[in-house]
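Fold and geometry: a report
Single-letter residue listing:
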Amino acid sequence: MNDSQSLETATTSIQAPSGVPDPKTRRYDRQLRLWAASGQAALESARILVIPATATATSILKNLVLPGLGHFTLMDDGAVTGADAGNNFFLDGFFSIGKSRAEEAVKGLLEMNDGVEGVADVRDIQEVLKSDKGWLKTFDVVIAHNVDSNVLNDLAALLWPETHLVVVNSAGFLAEFSIHYREHQVIESHSETSASLRIDQAFPALLEYAMSLPLDTMDITDHAHIPYPVILVRALEEWRREREQVTSPSSSTGSPRTTVEKKVFKERIRAMMRKFDEENFEEAEAQAFKCWTPTIIPIEVKELFALYSSSTSLPPSASTFPALISALANFVQNNPASPRYPSGLLPLTLSLPDMKSSTEEYVKLQKMYRAQSEKEKQVFKDYLSREQVDADDVTIDAFLKNSHALKVLKGNEWKDVDPGSKELLLDKLSTHPKETATHLALAAARRLGAKDVLSSFKSSSGPNDATMAENLDKNKLKDLLTAEAMTFLPPGTELPETEWRIVSGEIARAPSADLPTTAAFLGGLVAQEVIKMITKQYIPISAGNAASSANDQLGICVVDLVETWTGIL
Amino acid sequence: MSTASGRTAHAKAILGPELHSRLAETKVLLVGAGGIGCELLKNIVLTGFGHITLLDLDTIDLSNLNRQFLFRKKDVKKSKSIVAARVAGDFNPNIKIKPIFGNIKEEEYDLEWFKGFDLVLNALDNLDARRHVNKMCMAANVPLVESGTAGYLGQVQPLVKDLTECFDCIPKPTPKTFPVCTIRSTPSQPIHCIVWSKSYLMGQLFGIDEDAGEELDEAEKQGENAEEIANLRKEAQSFKKVRDAIRNLTLNSSPTESPAKQAFLKIFKHDIERLLGMSDMWKHRAPPVSLDYEKIMDGTFWVGENGEGGAQKNGNNTNGDLQPIASTSTSAAATTASARVALKDQKKLTLKENLELFISSVNALSLRLSSNPTQTIDFDKDDEDTLNFVTAASNLRSFAYGIEQKTKWEVKEMAGNIIPAIATTNAIISGLIVLQALHLLRKSFDAKAYTKLRNVHIQFKPSVPLSSIAYSKPNPGCGVCRDVYTSVRCDVKRTTLGDIVKGISGDREISVYEDKRVLVDPDWEDNYSRTLHSLNVGSGKFISIVDEEGEWETVSVGIGGLPNQPSTTLPFILPSPLPKLVKKTKAPAPSPSTPPPPRASLKRSLPDDNDGAILVDLLSENIQNNSSHPDGQPATKKPKLSTHGKLKPANPSSGFSELRSPSKKRRLEEDGLIMMEGLDDKFEEDVIVIDD
């Protein structure tokens, strides 16, 4: 059995239903349940460059190789040292010492998954930056761990913004990482909030059905099986008619507002029960808040309409995303499929939760929702057709299904977060002292490394902390770190004493020790974020929403494994 | 620098020489070599733990390879612990790794054995084993680091007796239950049909030949519909003929009498027709339709054929059109983005395809049984034949009842209680486990180390990937870690219950339990004169001595074998000194197994199942949401319209009788019907939701 066949072959050839699923589906079964075949396809076509072959870098790669990354190149011009052999599981222990770090690590990594392509590159990244710039830009993501500051700055400038750069720095139990991209659109955000059932703005078929039920005379068993949305729509419409003193359909969109009104409304639902134990009515009472929680468009989604209408601020995008947003904006303005509530609604999606009901009643309700969402989808498609883009039905369905949870994130360029503007850092020092202190200390260590003050802070030469910890005067190093950090802040700023003492001490103790546990932790955390970027599913770390004008986030994740916390700056 | 010292340069620099040198002498037990276990083993080897015992009862499956990185394709079907120990051991020959291919609940792993470790790390996937290890660690007073993952979420918790809460201080959710009649005659959701075909039908056709009577007796006691029960009894009895046919597959048997067809006719035609005969049942609900083998096969099975196809009246034909059901239907999933590239197992099968799958899977299973008629086959999500069978049978049943059908992909997740699992989360969690372990070890020379202990959760919120909180104090009402533990070494064949209990507790008013069995209560002391062996209290078990006045904490006595000394004539050795009784603190809230149960119930009370505070609970809800409710609404509001009583476990009617039908209990437990009696955990691993 060969499980390295192409995804297409593996997943689209429908064999006899009794056939054993292909090995590939079985191998990836547990993760396909998280990001589905679409996410897997994205992962399998991704190309990643990782620099250099540290324990942390190989831990990150391990977590990308196991789920089936397409291609990786591991770049390292160094040879394996004794320390590497001790803390990097993917080297061949003692036997690797003296051989190429890149080649030895790639060998170990590829053993885990023969469907992944891995290449060792033994060139010096500094050379490559001069001689092979174009090639560096062929990757989808570049991951740099403890890369020398000068080199990193050149690399970051070259890659921005087309190629996503992930910068990881760690020292003993402390670490930080960030992802550098301009804009990241997420349709499948896997939001935990669900789309509205539109109880307060019921579509015609639902309203009509709810009002048509002979509640007092219908069969008692059927009565106990009315799904709660129907009960709520009925109760709300009756409440509105009473308030407007009409017998025909109400015109209002009013809902109970005050505490007293809400209480009375719940009693009204209770009074609709014909037997004391009708659980569907109990459920309706518990869900009554849906009557006075107006169906609105989340502010984050509204902001996108503005973002993409003034598209001059953004680079021309090859994706259909702006067109979809534009069509959505039009839909929100005018939705003829919902004559009573023509504006202010996102397209209805069929997303009925579980409820107390019989199968028949549930299916009936489901069909009403389905019919209405089909109508609204057609309206949306009409708007979309004006945009002159090609979007297939699958894309449209995914977009509509997630329209209440769309996300467009922005990131920062590396130079803007290393270490970040003085004003912002000053602000962060007061709101997030320990995160900021850690960030400042790691940034200061990078500067010292770049100035060759901290010569061991070069991962490519192989860390040698045992001797360094013995030889270097820790107090002197702490002073140097402090002096460096002060230059990042407005003159006269004081560092938070306790926090700074701890983090600068920790870094002075082991400026670049690549610990197995920290490596394992970072390996998981960073790989997880990279997978989110590649699959465009779930929400990775960011510097905020692209539509927001605020620039109050660096978009850096800070990790302290002494106290066991992570934070976002 | 020499390579020998170079290897440990990083670790030494960071951990400090003291902690680092201690690691080499530390004896650590790692329970589980799966998703977390592999990562964890790598980490503790790299960190320098010197003596590692690695235990796992499982073998390697292909679906493990996306995260259990110590395994290769060539290792599939081999023991996880042995392969993992070999691969990790190659990395550092100085570290001793002892693999055990076995079950942590076996009696040889008794209290004394646990006491031989400095630290225990759990990397387990099932609630039962996790609770067992927790109890053993509390009893042996060995620090434990607990952990679990599911999808992107995970949790790490350091547990130390008397300092932190234990795993059982917070009640764990019990799985959902369904009334027998819902499963057996009036299903209304796909899960009902899946449970039916996986735990009832599989057993009837391919499982142990046993009379299904007890479950129905119990259902009858619970006040479920008597007529319906009588009918179900008849139905069960008539399975015999089909069972025999399945076990005597002759290759040339004509299709008209093939076991698959016989099974089909019995289940989907005759049984449904018999149910339809009970007209009272269908007054207020749509009746099922009986299925027609030939017509399905030639594509002429029409909805409404019999003029009554009630279940379909709200089905696809509201406008009265007759449509052939056997035409290709498109999966609902195929229209969602998650199926941009649809997997073939995600294709919804047509009625005919389901029937064909039913036939081919029955044939395959029949072939396996015919070669060895005494063998039985249980549902296993990784056994394709059984998965195919459950998919086909549950879909055919769903069809008959007008319920939405599920794809094989979905059935596998629902029937196998599959939790998504990826390498990244396990890597994060296992890094955190080692950090907590280091804090625990540092305690021996650094009193402040415990202030660094944290309960850590990885959460969904992108803005705060980790949430960590200081550990909580033990729950004063906890029935596990508040017990006073002691141990007795004895020859169970020569030692009576009275020897132990009287020896330890004197003459207080007490009740005595083994797990949930009552052995003694103040009005019933017959068992004092019986030997432990005759009471089935062997090595590795605990006897709980519960104070009737509720004034003193329960004393739990671990039973262990006598040390190997031929000269020993005493049949038992009591602990010396005797355990000190501890006054009970007023329990603020009811908790797992305290206070002592009313005598009549003959069992200790169950944990409350309404506590949302633990991760597993939240996860199981999320998972459910993701699988069956894409909108993510909390799945707490399941229809509970049936007025039938809940199926209760068939408790032994006398205090210490063995369960009469372990296999049936097990099947029911797998469906979450029962969680009251501890049985071999191997069979319960599907119940709880942590990565395997």
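Residues numbered from 1 in each chain as written. Chains lettered and ligands numbered in written order. Predicted model: local features only at pLDDT ≥ 70, side-chain atom pairs only at ≥ 80, totals over all residues. Heavy atoms only, no water.

1. Quick word on the overall build of chain B
As a reminder, the rule being used: Helix and strand definitions here come from DSSP, where helices need a minimum of 4 consecutive H or I residues and strands a minimum of 2 consecutive E residues; each element is numbered from the N-terminal end. Only protein chains enter the accessibility calculation, which uses a 1.4 Å probe; a residue whose area is less than 20% of its type maximum is buried, one above 50% is exposed, and one in between is partly exposed. We call two residues in contact when some of their heavy atoms are within 4.5 Å. Computed with a 1.4 Å probe, the accessible areas rest on the Shrake-Rupley method; for each residue, only the protein chains presented here act as cover.
Summing up its helical and strand segments, chain B has 21 helices and 14 strands in all. Of all 692 residues assigned to chain B, the portion counted as buried reaches 60%. Counting only contacts in chain B whose residues sit at least 6 apart along the sequence, the fraction spanning at least 24 positions is 69%. Total accessible area on chain B is roughly 26400 Å²; 52% of this is exposed by carbon and sulfur atoms.

2. Overview of the environment of M414 of chain B
Residue and element names in this part refer to chain B. Considering the arrangement of structural elements, one finds M414 in helix 17 (residues 408–415). The spatial distance from the C-alpha of M414 to the C-alpha of P571 is 51 Å, given a sequence separation of 157 residues. Aside from chain neighbours lying at most four places away, what touches M414 is P190, I191, I194 and K406.

3. Here's the deal with the sheet that holds strand 2 (residues 51–56) of chain B
All names here are of chain B. The condition that has to hold: Any two strands between which DSSP finds at least two bridges are classified as paired. To get an axis, a line is fitted to the C-alpha atoms, and for a helix only the part in contact is used. The angle between two axes follows their N-to-C directions and goes from 0 to 180 degrees.
Ordered by their spatial adjacency, 8 strands build an open sheet running 3-2-1-4-5-6-7-8, and the pairing between neighbours is mixed. Looking at which strands have only one partner, the edges of the open sheet turn out to be strand 3 (96–101) and strand 8 (466–470). Each neighbouring strand pair of the sheet contributes to a mean axis angle of 15 degrees, computed without reference to strand direction. Two strands pair when backbone bridges link them, and strand 5 (residues 144–150) and strand 6 (residues 153–159) are joined in this way by 7 bridges, in the antiparallel orientation. Note on strand 6: the bridge partner recorded for S147 is V156. Sitting on the sheet, helix 18 (residues 423–442) is in contact with strand 4 (119–122), strand 5, strand 6, strand 7 (454–458) and strand 8, with an inclination near 170 degrees to strand 5.

4. What to know about the confidence of the model for chain A
Quick note on the threshold: Per-residue confidence from the prediction method is given by pLDDT, with values spanning 0 to 100.
Of all residues in chain A, 91% have pLDDT values of 70 or greater, and the mean over the chain is 87. In the predicted structure, residues 456–470 of chain A sits below a pLDDT of 50 and forms 33 contacts with residues beyond four places in sequence or in another chain.

5. Thoughts on the UniProt feature "domain: Ubiquitin-activating enzyme SCCH" (unreviewed entry) in chain B
The test is simple: UniProt positions are given in the numbering used here, feature names are shortened, and annotations may be inferred rather than shown by experiment.
Residues given the UniProt feature "domain: Ubiquitin-activating enzyme SCCH" (unreviewed entry) here are residues 346–412 of chain B. Within the segment residues 346–412 of chain B, helix and strand shares are 63% and 0% respectively, and the terminal C-alpha atoms sit 11 Å apart.

6. Some points on the UniProt feature "domain: THIF-type NAD/FAD binding fold" (unreviewed entry) in chain A
UniProt's entry tags residues 28–143 of chain A with the feature "domain: THIF-type NAD/FAD binding fold" (unreviewed entry), counted in the numbering of this structure. Along residues 28–143 of chain A one finds 47% helix and 16% strand; the C-alpha atoms at either end are 24 Å apart.

7. Remarks on helix 10 (residues 204–212) of chain A
The line we're drawing: Each C-beta atom gives one direction from the helix axis, and the arc is the one those directions make.
When we look at burial in helix 10 of chain A, the residues that qualify are L206, L207, Y209 and A210 of chain A. Down the axis of helix 10 of chain A, the smallest arc covering the buried residues is 165 degrees, so these residues share one side.

8. Here we look at the sheet that holds strand 2 (residues 71–75) of chain A
Residue and element names in this part refer to chain A. Here 8 strands make up an open sheet; going across it, the order is 3-2-1-4-5-6-9-10 and the pairing mixed. With one partner strand each, in any of the chains shown, strand 3 (117–121) and strand 10 (565–568) form the two edges of the open sheet. Averaged over all adjacent pairs, the angle separating strand axes in this sheet is 15 degrees, with direction ignored. Pairing analysis gives 5 bridges linking strand 4 (residues 141–145) to strand 5 (residues 164–171), with the strands arranged parallel. Within strand 5, the position partnered with I143 by the bridge is V166.

9. Remarks on the nonpolar core
How we decide: As used here, the term nonpolar core means buried Ala, Val, Leu, Ile, Met, Phe, Trp, Tyr and Cys residues forming a set that is joined through side-chain atoms within 4.5 Å.
With 105 residues, the main nonpolar core has I143 of chain A together with L41, F49, L121 and L432 of chain B as its most contacted residues. Apart from the residues within four sequence positions on either side, L121 of chain B is in contact with V28, L29, L30, V31, L40, I44, V145, I433 and A437 of chain B. Among the nonpolar cores identified, the runner-up in size contains 54 residues, and Y200, Y293, F389 and A392 of chain B belong to it.

10. Let's talk about the UniProt feature "active site" (unreviewed entry) in chain B
Within this structure's numbering, the places UniProt gives as "active site" (unreviewed entry) are C181 of chain B. Mapped onto the elements, C181 of chain B comes out in helix 8 (residues 180–184).

11. A few points about the packing of helix 16 (residues 299–309) of chain A against helix 17 (residues 321–333) of chain A
Residues and elements named next belong to chain A. Heads up, the condition is: Here is the rule for handedness: rotate from the far helix to the near one, and if that takes an anticlockwise turn smaller than a right angle the crossing is left-handed, while a clockwise turn gives right-handed. In this classification, Asp, Glu, Lys and Arg are treated as charged, Ala, Val, Leu, Ile, Met, Phe, Trp, Tyr, Cys and Pro as nonpolar, and every other residue, Gly included, as polar.
Where helix 16 meets helix 17, the closest approach of the two axes is 9 Å, and the angle between their N-to-C directions is 115 degrees. The element helix 16 and its partner helix 17 pack so that their crossing is left-handed. Contact with helix 16, carried on its side by V301, L304, F305 and Y308, involves F321, P322, I325, L328, A329 and V332 of helix 17 and no other residues of that element. Each residue belonging to the contact of helix 16 with helix 17 can be placed in one class, and the counts come to 10 nonpolar, no polar and no charged.

12. So, the environment of V166 of chain A
Residue and element names in this part refer to chain A. Inspection of the secondary structure puts V166 in strand 5. On the accessibility criterion, V166 (1% relative accessible area) is buried. Linking V166 and H145, residues 21 residues apart in sequence, is a C-alpha distance of 8.4 Å. Contacts of V166, omitting those with residues within four sequence positions, involve V141, V142, I143, A144, S178, I179, V526 and V530.

13. As for the packing of aromatic side chains
Rules: Note on ring pairs: Phe, Tyr and Trp rings are taken, using the six-membered ring of Trp, and paired if centres are within 6.5 Å. Classes follow the plane angle, with under 30 degrees stacked, over 60 edge-to-face and the rest tilted. Sitting over a ring, as applied to charges here, requires NZ of Lys or CZ of Arg to be within 6 Å of the ring centre and within 35 degrees of the ring normal.
Inspection of every chain in the model, using the stated rule, returns 25 aromatic pairs over all chains. Here the aromatic rings of F89 of chain A and F91 of chain B are separated by 5.0 Å at their centres, their planes lie at 25 degrees, and the arrangement is stacked. Of the two residues, F89 of chain A is situated in the loop between helix 5 (82–87) and helix 6 (101–110) and F91 of chain B in helix 5 (residues 80–91); the pairing between them involves two chains. Accessibility expressed as a relative area gives 11% for F89 of chain A, which makes it buried. According to the relative accessible area criterion, F91 of chain B is buried, its value standing at 6%. Consider the rings of W196 of chain B and F268 of chain B, whose centres lie 6.4 Å apart with planes at 65 degrees: the pair is edge-to-face. Within this pair, whereas W196 of chain B is found in helix 9 (residues 190–206), its partner F268 of chain B is found in helix 13 (residues 259–276), the two being separated by 72 residues in sequence. F268 of chain B matches W196 of chain B in its accessibility class, with the two residues each being buried. Pairwise contacts between aromatic rings join W196, Y200, F206, F239, F264, F268, Y293, F358 and F389 of chain B into one cluster. A cation over an aromatic ring shows up here: R47 of chain A above the ring of F139 of chain A, its NZ or CZ 4.7 Å from the ring centre.

14. Some remarks on the side chain of E176 of chain A
All names here are of chain A. To be explicit about the condition: Definition of a polar contact: a pair of N or O atoms within 3.5 Å, with one able to donate and the other able to accept a hydrogen when the atoms are protein atoms, and with sequence-neighbouring residues admitted only if both atoms are side-chain atoms.
Locating E176 in the fold gives a position in strand 6 (residues 174–180). Judged by relative accessible area, which is 3%, E176 ranks as buried. A polar contact of 3.0 Å, which involves the side chain of E176, links it to the side chain of R446. Excluding residues that lie within four positions of it along the chain, E176 makes contacts with V167, V168, N169, H439, L442, R446, I556, C557 and V558.

15. Let's talk about unusual backbone geometry
Residue and element names in this part refer to chain A. Put simply, W160 and P161 share a cis peptide bond, and its omega is -10 degrees. Of note, P161 is situated in the loop between helix 9 (149–159) and strand 5. Within the chain, A36 stands out as a residue other than glycine whose phi angle is a positive 65 degrees. Counting through the fold element by element, A36 comes out in helix 3 (residues 29–44). Here the phi dihedral of K536 falls at roughly 55 degrees; this positive angle occurs in a residue that is not glycine.

16. Looking at the state of the cysteines
All names here are of chain B. Put simply, the rule is: By definition, disulfides here are pairs of cysteine sulfur atoms that lie within 2.5 Å.
Tallied over the full model, the rule gives 0 disulfides over all chains. There is no disulfide at C169, and the cysteine sulfur nearest it, in C481, is 3.4 Å away. Judged by relative accessible area, C169 falls into the buried class, the value being 2%.

17. As for the pairing of strand 1 (residues 47–51) of chain A
Along any regular strand the residues' side chains alternate between the sheet's two faces. Here is the rule we go by: By convention a crossover is right-handed if, when the strands point away from the viewer, the path from the first strand over the helix to the second runs clockwise.
Here strand 1 of chain A lies mainly inside the structure; 4 of its 5 residues are buried. The parallel pair strand 1 of chain A and strand 2 of chain A is bridged by helix 4 (residues 55–65) of chain A, and the resulting crossover is right-handed.

18. Considering the pattern of salt bridges
Heads up, the condition is: A side-chain nitrogen of Lys or Arg and a carboxyl oxygen of Asp or Glu constitute a salt bridge if their distance falls within 4 Å.
For the coordinates displayed, the defined rule picks out 59 salt bridges over all chains. One salt bridge in this structure joins E356 of chain B and K352 of chain B, with 4.0 Å as the shortest N-O distance. Pair noted here: E356 of chain B and K352 of chain B are both in helix 15 (residues 351–370), with a separation of 4 residues, about one helical turn. The partner of D385 of chain B in a salt bridge is R368 of chain B, with the nearest N and O atoms 2.9 Å apart. One end of the pair, D385 of chain B, is in helix 16 (residues 384–400); the other, R368 of chain B, is in helix 15, and 17 residues separate them in sequence. The class of D385 of chain B is partly exposed, set by a relative accessible area of 21%. R368 of chain B gets classed as partly exposed once you look at its relative accessible area, which sits at 28%. Salt bridges sharing partners connect three or more residues here, namely D29, R30 and R33 of chain A together with K412 and E413 of chain B.

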